[in-house]
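Architecture at a glance
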Amino acid sequence: MGSGFRIGRIFGINVRVDWSWLFIFFLVTWNLASVFGQVQPDWQPLFRWIVAGVAALLFFGSVLAHEMAHSLVARAQGLPVRNITLFLFGGVSNIQREPDSPREEFVMALVGPLTSIVLGAVLVLIANLTADPAASLTRDPLGLLGQLSPVTLLLFWLGSVNILVGLFNLIPGFPLDGGRVLRSIFWAATDNLRRATRWAAGVGQGVAWLLILTGLAMVFGVQVPIFGTGLIGGLWLAFIGWFLNSAAIQSYQQVVIRDILEGIPVSRMMRPNPPTVTEGITVSSLVYDYVMAADDRAFPVFDDGRMTGIVTVEDLRKVDRSRWDETLVRQIMTPAAQLVTIGPDEEASEALNRLAQRDIRQLPVVQEGQLVGLLRRRDLIRWLQLHSELAREAPGGPRIPA
């Protein structure tokens, strides 16, 4: 989910939409238009598509409410929330670090499904109150739905699907909400987040493989209770299982990485006295005299003894080759006021958080206003590779990326 666009800000939290969401939005709309055509054959095609589109938007609005509940509880507990992203599988709250206690994890995980279930129950209740009493006399489900007004039908569908979403998220498949509830229980029992995450991730992988096998059975014509049968439904369920399996492995990997880095000062792995450049040199000089002369990709920029910014290989790539001789470093560098820095005594795990939050490759290490080093992403990776216990312990055998 590295691409997409921002759609707004709610309660101080940025809301983004990944490009994959457009596909699932169209798929949900198309499916609903087909369903509405079966239960309401008198509706005109254009009207069916309009109602289906509105229903899909409201559904993702309720997914946003689910994630907003997670985010607001996390923020109330002092956990930084970067944003909420809607994507192919619904939504995700980008919470920057793990909770501080099992209780915080339990509350934060449970509030999302409860929000969906309560919202769904309220919508179903409103639908029942607005339905024509005569419609309830029929024993045919499709006939009942066919007698509902567009608003009532929409409320009934939206309420039902929210209840299903809430119940599905309570499945103990880490990192689903139910899996996080399970992890909080393991955490409280063992007083060890890493071990609890390993156990919860193992259960999550088991649930994921169950979904994959169930989906494949559906593809081959097996009738599965609740899920039914068929090629499309089976492939979709198997795809969800595959995603959940990958997410369980990666979630455990992240916890182990942070565990390895926790308590390690930045000064242990930073590069002291990194090569620097002056802001008055040309991009051509930067390339041939500095970049090509070593393996460095970032250079602090100085002027009159003070750091005024940083220039990276990514910055110079934005300059056309024909303009290298006339473009100065000061024109392409990131100014010091915009830099994210870190102190030499801060933990490496915090450095990892800052690198991830800004999606950058290096952090200037500053003490009392003076540059004392440069911490690069590859320095963190090298440290993790030296502590190869991650590769031995992670479920599914993931490896630290080079």
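Our subject is the structure listed above.
Figured I'd write up the structure that's included with this text. This is a predicted model, so every value here is computed, not measured. (Residues numbered from 1 in each chain as written. Predicted model: local features only at pLDDT ≥ 70, side-chain atom pairs only at ≥ 80, totals over all residues. Heavy atoms only, no water.)

Points about the overall build of the chain
From N to C terminus, the chain includes 14 helices and eleven strands. C-alpha atoms of the chain, sized along the principal axes, occupy 85 × 55 × 40 Å. Taken over 402 residues, the chain has a buried fraction of 45%. For the chain, long-range pairs separated by at least 24 residues make up 61% of all intrachain contacts whose partners lie at least 6 apart in sequence. Taken as two groups, the 33 positive and 33 negative side-chain charges of the chain have centres that lie 2 Å from each other. (Helix = DSSP H or I, 4+ residues; strand = E, 2+ residues; numbered from the N terminus. Buried < 20%, exposed > 50% of the residue type's maximum accessible area, 1.4 Å probe, protein only. Contact = heavy atoms within 4.5 Å. Lys, Arg positive; Asp, Glu negative; His and termini not counted. Charge placed at Lys NZ, Arg CZ, Asp CG, Glu CD.)

Let's talk about the packing of aromatic side chains
With the rule as written, the count across this model stands at 13 aromatic pairs. Seen in terms of ring centroids, Phe59 and Phe60 are 5.1 Å apart; in terms of plane orientation they differ by 65°. Their pairing is edge-to-face. Judged by its relative accessible area of 13%, Phe59 falls in the buried class. (Phe/Tyr/Trp six-rings, centres within 6.5 Å; stacked < 30°, edge-to-face > 60°.)

Quick notes on the environment of Gln254
Mapped onto the fold, Gln254 is located in helix H8 (residues 231-261). A relative accessible area of 41% means that Gln254 is categorised as partly exposed. In the structure, Gln254 is positioned 56 residues away from Arg198 in sequence and 11 Å away in space, judged by C-alpha atoms.

Focus on the sheet that holds strand E10 (residues 362-367)
The strand order across the open sheet built from three strands is E5-E11-E10, with neighbouring strands paired in antiparallel fashion. Every interior strand has two partners, whereas the edge strands, strand E5 (271-272) and E10, have only one. Here E10 pairs with strand E11 (residues 370-376) via six bridges, running antiparallel. Directly across from Val365, in E11, lies its bridge partner Gly373. Its contacts with the sheet place helix H13 (residues 377-386) against E5 and E11, and it is angled at close to 55° to E11. (Pairing = 2+ DSSP bridges. Axes fitted to C-alpha atoms, helices over the stretch in contact; angles between N-to-C directions.)

A look at the pairing of strand E2 (residues 13-17)
Among the five residues that make up E2, four are buried, leaving the element largely enclosed by the rest of the structure. For strand E1 (residues 5-10) and E2, the ladder comprises five bridges, and the chain directions are antiparallel. Directly across from Ile10, in E2, lies its bridge partner Ile13. Turn length for the E1-E2 hairpin, with the two strands adjacent in sequence and antiparallel, is two residues, and the turn residue Phe11 shows positive phi of about 55°. By the bridge criterion, four bridges tie E2 to strand E3 (residues 81-87) in an arrangement that is parallel. Its bridge partner being in E3, Asn14 is matched across the sheet by Asn83.

Points about the pattern of salt bridges
Under the definition given, this model contains 16 salt bridges. Across the pair Arg271 and Asp296 runs a salt bridge, and its minimum N-O distance is 2.0 Å. Linking Arg271 in strand E5 with Asp296 in the loop between helix H9 (283-291) and strand E7 (298-303), this pair joins segments that are 25 residues apart in sequence. The exposure class assigned to Asp296 is buried, which follows from its relative accessible area of 7%. Between Arg297 and Glu314 there is a salt bridge; the shortest N-O distance is 2.9 Å. In this pair, Arg297 is assigned in the loop between H9 and E7 and Glu314 in helix H10 (residues 313-317), connecting sequence segments 17 residues apart. (Salt bridge = Lys/Arg side-chain N within 4 Å of Asp/Glu carboxyl O.)

Here's the deal with H9
Of the positions making up H9, those classed as buried are Val283, Ser284, Ser285, Leu286, Val287 and Val291. Here the buried face of H9 lies against strand E6 (277-278), E7, strand E8 (306-312), H10 and helix H11 (329-332).

Digging into a nonpolar patch on the surface
Taken together, the side chains of Phe5, Ile7, Trp19 and Leu22 make up a nonpolar region of the molecular surface, amounting to roughly 390 Å² of accessible area. Note on placement: Trp19 falls in helix H1 (residues 19-39). Trp19 sits in the partly exposed class, given a relative accessible area of 47%. (Patch = residues over 30% accessible without salt bridge, like charges linked within 9 Å, V, L, I, M, F, W, Y side chains within 5 Å. Areas by Shrake-Rupley, 256 points an atom, 1.4 Å probe, with all protein chains shown as cover.)

Brief notes about the sheet that holds E1
If you trace the four strands from one edge of the open sheet to the other, you get E1-E2-E3-E4, paired in mixed fashion. Taken across any chain shown, the strands that pair with only one partner, and hence form the sheet edges, are E1 and strand E4 (90-95). Along the sheet, successive strands turn relative to each other by an average axial angle of 25°, direction set aside.

Remarks on the packing of H8 against helix H12 (residues 348-358)
Look at H8 against H12: their axes get within 7 Å of each other, and the N-to-C directions meet at 135°. By the criterion of interaxial angle, the relationship of H8 to H12 is oblique. Here Ile257, Arg258 and Leu261 of H8 come into contact with H12, specifically with Ala348, Ser349, Leu352 and Asn353. Counted by class, the contact of H8 with H12 contains four nonpolar, two polar and one charged residues. (Parallel < 35°, antiparallel > 145°, perpendicular 65-115°, else oblique. Nonpolar A, V, L, I, M, F, W, Y, C, P; charged D, E, K, R; others polar.)

Quick word on the packing of helix H3 (residues 102-130) against helix H6 (residues 177-190)
Each packed pair of helices is defined by two parameters, the angle between the axes and the distance between the axes. Relative to each other, H3 and H6 sit at 160°, their axes nearing to 8 Å. Classified by the angle between their axes, H3 and H6 sit roughly antiparallel to one another. Here H3 and H6 pass one another in a crossing that is left-handed. Contact with H3, carried on its side by Pro102, Glu105, Phe106, Ala109, Leu110 and Pro113, involves Asp177, Arg180, Val181, Arg183, Ser184, Trp187 and Ala188 of H6 and no other residues of that element. Split by residue class, the contact of H3 with H6 holds eight nonpolar, one polar and four charged. (Left-handed = near helix turned anticlockwise from the far one by under 90°.)

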